[in-house]
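Take a look at the letters that make up each chain.
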Amino acid sequence: MRVFYYPGCSLTLSARNYDLSVRAIARVLGVDLLEGPGWVCCGGWPCGVLHREEVLALATHNLALTEAAGLDTFVAPCSGCYSR
């Protein structure tokens, strides 16, 4: 199974161990995580509260990358990114 993997900013920076755990679990489960090029930050909590339309545009961009990659499943382990 191939899925679009969106680690977001937190899993690539401050939560690197979480990213490594997700990748290890995916390997064990036989899930191929495709981290497509061009993903953008979800906007995070402050931006989501103050600039709702812009945050929706960021999320739409990331979902469009999933479709462009020919995938129909999007995985966002970060709870902040997921909520966007």
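Whatever comes next refers back to the structure up there.
1. Examining the side chain of Asn62
- Topologically, Asn62 is positioned in helix 4 (residues 52–68).
- Ignoring any residue separated from it by four or fewer positions in sequence, one finds Asn62 in contact with Phe4, Tyr6, Trp39, Val40 and Phe74.

2. Some remarks on the pattern of salt bridges
- Inspection of the entire model under this criterion finds four salt bridges.
- Salt-bridge contacts for Asp19 lead to Arg16; the nearest nitrogen and oxygen are separated by 2.3 Å. Taken together, the residues span about one helical turn, with Asp19 and Arg16 both in helix 2 (residues 16–29) at a distance of three residues.
- Residue class for Asp19 comes out buried when judged on its relative accessible area of 1%.
- Its salt-bridge partner being Asp19, residue Arg23 comes within 3.0 Å of it at the nearest N-O pair. Highlighted residues: Arg23 and Asp19, both in helix 2, separated by four residues, approximately one helical turn.
- On the basis of relative accessibility, which here comes to 25%, the residue Arg23 falls in the partly exposed class.
- Each of Arg16, Asp19, Arg23 and Glu35 takes part in one network of salt bridges that share partners.

3. Points about the packing of aromatic side chains
- Going through the model one piece at a time under the given rule, you end up with three aromatic pairs.
- For the pair Tyr6 and Trp39, a centre-to-centre distance of 5.2 Å together with 85° between the ring planes defines the contact as edge-to-face. Here Trp39 lies in the loop between strand 2 (32–34) and helix 3 (44–50) and Tyr6 lies in the loop between strand 1 (2–5) and helix 1 (8–12), a separation of 33 residues in the sequence.
- Ring geometry for Tyr6 against Phe74: centres 5.7 Å apart, planes inclined by 25°, an arrangement best described as stacked. On the criterion of sequence distance, the pair formed by Tyr6 in the loop between strand 1 and helix 1 and Phe74 in strand 3 (residues 74–75) is long-range, its members being 68 residues apart.
- On the accessibility criterion, Tyr6 (2% relative accessible area) is buried.
- Through pairs of rings, three or more aromatic residues link up here, namely Phe4, Tyr6, Trp39 and Phe74.

So, how was this worked out
Sequence order as written defines the numbering, with residues in each chain counted from 1. pLDDT decides what is reported in this predicted model: residues at 70 or higher carry local features, side-chain atom pairs at 80 or more are listed and counted, and totals for whole chains, interfaces and linings draw on all residues regardless. Side-chain measures here rest on the full set of heavy atoms in the structure, leaving out hydrogens and waters. In this description a helix means any DSSP run of H or I spanning at least four residues, a strand means any run of E spanning at least two, and both kinds are numbered starting from the N terminus. Contacts were defined at the residue level, with two residues in contact if any of their heavy atoms lie within 4.5 Å. A side-chain nitrogen of Lys or Arg and a carboxyl oxygen of Asp or Glu constitute a salt bridge if their distance falls within 4 Å. Per-residue accessibility, obtained with a 1.4 Å probe over protein chains only, is compared with the maximum for each type, and a residue is labelled buried under 20%, exposed over 50%, and partly exposed between these values. Note on aromatic pairs: the rings of Phe, Tyr and Trp (six-membered ring only in Trp) are paired at centre separations within 6.5 Å, and the planes decide the class, stacked below 30 degrees, edge-to-face beyond 60, tilted for the rest.

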